[in-house]
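# What the coordinates show
These are the residues of each chain, in order.
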Amino acid sequence: MSTPVKFIFACPVLGILALTACAEAPANKIMPAKRLAISQVTLKPDEAKHAINAYRAERGLKPLVIEKLLTRAARQHSQDLAKRDRISHRGSDGSDPWGRVRSTGYKPRLAAENVGAGQMSFSEVLQGWKDSPGHNRNLLLSDATQMGIALVTNPATRYRTFWTLVLGKPAKPELAAR
């Protein structure tokens, strides 16, 4: 199937709790990407949403909808990771997932983030998230109603692919139907 990849612990951030426990994974714990052409690595957000929602449905959870502000937060974080060839929940500016989500204008009641680097398909990164207890916990957050997802590639880096999934629930229920 795919080469196992170690992931760092994903920290769900609920309510007004502060993110404190996420740390960068040691570089030797993450395997570099396989040598495929970067042009072959793509992300189709609707297909990703469908796969995530199918996984959630198997466990009796409601589906997520794609939210443009969460997608913006995911894209900005993936761009930051790709620029610096690293994987972390901490941005190069010191930001955390909660702060990045809020900086887009999204007012979260819940925010959580999954990241991955080096995977050459969405199915590969999703399987890694399912296999990682912290990432899996985020995928299955029962209160999450929305998601944003991004892939940024940088062929000049060691990992070459940088994935970010942001899950959320807005503070105001009327925003959930956007």
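The shown structure was predicted, so the numbers you read here are calculated from the model rather than taken from an experiment.

Turning our attention to the packing of aromatic side chains. Under the defined criterion, the tally for this structure stands at three aromatic pairs. With a centroid separation of 6.3 Å and an interplanar angle of 55°, the aromatic rings of F122 and W163 are classed as tilted. On the criterion of sequence distance, the pair formed by F122 in helix α4 (residues 122-131) and W163 in strand β5 (residues 161-170) is long-range, its members being 41 residues apart. The exposure class of F122 is buried, given its relative accessible area of 12%. For W163, a relative accessible area of 0% gives the class buried. On the basis of an interplanar angle of 85° and a centroid distance of 6.4 Å, the ring pair of Y159 and F162 is categorised as edge-to-face. For the residue pair Y159 and F162, the accessibility class agrees, reading buried in each case. Every member of this aromatic cluster is reached through a ring pair, and the members are F122, W129 and W163.

By the criterion of burial, strand β3 (residues 108-117) is predominantly enclosed, with nine of the 10 residues buried. Sheet analysis places β3 next to β5, joined by nine bridges and oriented antiparallel. Residue pairing for β5: L110 is matched across the bridge by K169.

About the criteria used
- Residues numbered from 1 in each chain as written.
- Predicted model: local features only at pLDDT ≥ 70, side-chain atom pairs only at ≥ 80, totals over all residues.
- Heavy atoms only, no water.
- Phe/Tyr/Trp six-rings, centres within 6.5 Å; stacked < 30°, edge-to-face > 60°.
- Helix = DSSP H or I, 4+ residues; strand = E, 2+ residues; numbered from the N terminus.
- Buried < 20%, exposed > 50% of the residue type's maximum accessible area, 1.4 Å probe, protein only.
- Pairing = 2+ DSSP bridges.

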